[in-house]
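Observations on chain architecture
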Amino acid sequence: MKTRILIALFSLVLISCKTEEKQLTAQEIIDKSIQNANIDKVSNATLSFDFRERTYIADRNSGVFTLKRITKKGTETITDILSNDGFQRLLNGEKIHVADSMAFRYSESINSVHYFSVLPYGLNDAAVNKKLLEDTTVKGKEYYKVQVTFDQNGGGVDFEDVFVYWIDKERFTIDYLAYLFHVNGGGKRFREVSKEHIVEGVRFVNYNNYKPNNSNIELSSIDKAFESNDLTKVSEVNLENIQLVENECNSC
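Rules behind the numbers
- Residues numbered from 1 in each chain as written.
- Predicted model: local features only at pLDDT ≥ 70, side-chain atom pairs only at ≥ 80, totals over all residues.
- Heavy atoms only, no water.
- Helix = DSSP H or I, 4+ residues; strand = E, 2+ residues; numbered from the N terminus.
- Expected span 1.5 Å × (residues − 1).
- Buried < 20%, exposed > 50% of the residue type's maximum accessible area, 1.4 Å probe, protein only.
- Arc of directions from axis to C-beta.
- Core = buried A, V, L, I, M, F, W, Y, C linked by side-chain atoms within 4.5 Å.
- Contact = heavy atoms within 4.5 Å.
- Pairing = 2+ DSSP bridges.
- Axes fitted to C-alpha atoms, helices over the stretch in contact; angles between N-to-C directions.
- 1 Å grid on protein atoms, 1.4 Å probe; cavity = no way out; pocket = protein on both sides within 12 Å on 5 of 7 lines; lining within 4 Å.
- Points joined across faces, edges and corners; volume = space filled by probe spheres on them.
- Nonpolar A, V, L, I, M, F, W, Y, C, P; charged D, E, K, R; others polar.
- Salt bridge = Lys/Arg side-chain N within 4 Å of Asp/Glu carboxyl O.

**A short note on helix H2 (residues 26-37)**
Helix length check: H2 (twelve residues) gives 17 Å between terminal C-alpha atoms against 16 Å at 1.5 Å per residue, within 8%. Residues of H2 that are buried include every one of Ala26, Ile29, Ile30, Ser33, Ile34 and Ala37, and no others. Seen along its axis, H2 keeps its buried residues to an arc of 135°; they face one direction. In the stretch just after H2, asparagine 38 is the one whose phi turns positive, near 60°.

Listed below in C-alpha cells is the structure:
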C-alpha cells in the first residue's frame, strides 16, 4: 500500500514539474531561431547569390545597406540599386532616369528577394509584432507557430502583410512559412524549405512555393491544407552560388 502511495506521489510530482516547465514566448522562439541560423552575421557583411538568372548583392553595415540586382541582357548590364538613399538604375555603369512608378515596383521586387533570402534576419526589427499561436505538428514533427505583423510606422509599404512561421521545436529552424500579401491582387502563399545551405556557418534555404486551392483558408491553418495536398506548387525559390564575406571591424 505504501509503495502505491509513493508511486502515486512521484507521478504527481512529475506531472507538476511538466506543468511548471516554462513556456517559451514568441520573442524567445524567434531569438533562438535567429541564433540557430547564425543569420545576424549578415548585418555586417556582403552577401551575394544568383536567383532566376540574376545576381543579387547585399552589403549591410550596422544599418547602412545597399541592395543590388544585376541583370545581363546581351551586351547590356542593368544594375538596380536600393539603399538608404533610395533607388537608382545603372545601364552599363551609367545612371539612367526611371519613372517614380517603376522605381517603386523595382524597389519592392528587389527588397522582397533580399528579405526572404536572409530570414529570420529582420524579425527583431522595431516595427515587427510577434504572437505565439497554438503548437502544431507537420509531417509528424512538432512545431512552434509564430505570427508576425507590422506596425504602419516603420513597417514599409507592405505593413499590412501577415506572416506565420513554423519553427522546429528541437532545432529551432524555420521549416515552413506562410504569408498573406496585398500587392498585385493579393493572395496567400505557403513555403516549404526544400534545401539548406550552410555558408560561413550561416543557414540559407531554398523553398518550394505553394498557393492554396481554396482562397478562403485561414493563413494559420494552411499547413493542414499542405498535409492534405490542397495546395498547388507555383514555383521554386532556389538560391545559387551563395557567398558571404564579413566586413572588417574598424572599431575592434
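**Some thoughts on the nonpolar core**
Ranked by size, the top nonpolar core spans 41 residues in total, and within it Ile39, Phe49, Tyr165, Ile167 and Phe204 carry the most contacts. Among the elements that line this core, the one with the most residues is H2, at five residues. Isoleucine 167 has contacts with Ile29, Ile30, Ser33, Glu142, Tyr143, Tyr144, Val146, Phe172, Thr173 and Ile174, leaving out every residue within four places of it along the chain. Listed in part, the 16 residues of the second largest apolar core include Trp166, Leu219, Ile222 and Ala225.

**Looking at the sheet that holds strand E14 (residues 240-246)**
Ordered by their spatial adjacency, seven strands build an open sheet running E6-E5-E4-E3-E2-E1-E14, and the pairing between neighbours is antiparallel. The two strands at the open ends of the sheet, each matched to only one other strand, are strand E6 (94-96) and E14. Sheet twist, expressed as the mean angle between neighbouring strand axes with direction ignored, is 20°. Sheet analysis places strand E4 (residues 76-83) next to strand E5 (residues 86-91), joined by six bridges and oriented antiparallel. Following the sheet pairing, isoleucine 81 is matched in E5 by glutamine 88. Docked against the sheet, helix H3 (residues 100-117) engages strand E1 (44-51), strand E2 (54-61), strand E3 (64-73), E4 and E5, running at close to 105° with respect to E3.

**Let's talk about empty space enclosed by the protein**
All told, the structure shown has one cavity of 30 Å³ or more when counted by the stated rule. Computed from the structure, the largest cavity encloses a volume of approximately 90 Å³. Every residue lining the largest cavity is counted, 14 residues in all, and those nearest its centre are Leu119, Pro120, Ile174, Arg203 and Val205. Residue composition of the lining of the largest cavity, grouped by class: ten nonpolar, three polar and one charged.

**Let's talk about H3**
Its 18 residues place the ends of H3 26 Å apart at the C-alpha level, agreeing with the 26 Å of an ideal helix rising 1.5 Å per residue. When H3 is considered as a whole, its buried residues turn out to be Ala103, Ser107, Ile110, Val113, His114, Phe116 and Ser117.

**Some words on the side chain of serine 83**
As for its position among the elements, serine 83 is in strand E4. Overall, the relative accessible area of 16% leaves serine 83 in the buried class. Filtering out sequence-adjacent residues up to four positions away, serine 83 remains in contact with Phe65 and Thr66.

**Observations concerning the pattern of salt bridges**
Evaluated as defined, the whole model comprises twelve salt bridges. Across the salt bridge formed by lysine 169 and aspartate 135, the nearest N and O atoms sit 2.6 Å from each other. In this pair, lysine 169 is assigned in the loop between strand E9 (162-168) and strand E10 (174-181) and aspartate 135 in strand E7 (residues 128-138), connecting sequence segments 34 residues apart. Judged by relative accessible area, which is 26%, lysine 169 ranks as partly exposed. Sharing partners across several salt bridges, the network here consists of Lys141, Asp168, Arg171, Asp175, Glu196 and Arg203.

**Let's talk about the sheet that holds E7**
What the seven strands build is an open sheet, ordered E7-E8-E9-E10-E11-E12-E13; its pairing is antiparallel. Each of the sheet's edge strands pairs with one partner strand only, and the pair in question is E7 and strand E13 (231-237). Averaged over all pairs of adjacent strands, the angle between their axes in this sheet comes to 25°, without regard to strand direction. Summarising the sheet, E10 and strand E11 (residues 187-199) pair through six bridges and their orientation is antiparallel. Bridged to tyrosine 179 within E11 is arginine 189. Strands E7, strand E8 (141-150), E9, E10 and strand E12 (202-212) of the sheet are contacted by H2, whose axis makes an angle of about 80° with E7. Sitting on the sheet, H3 touches E8, E9, E10, E11 and E12, and the angle it makes with E9 is about 20°.

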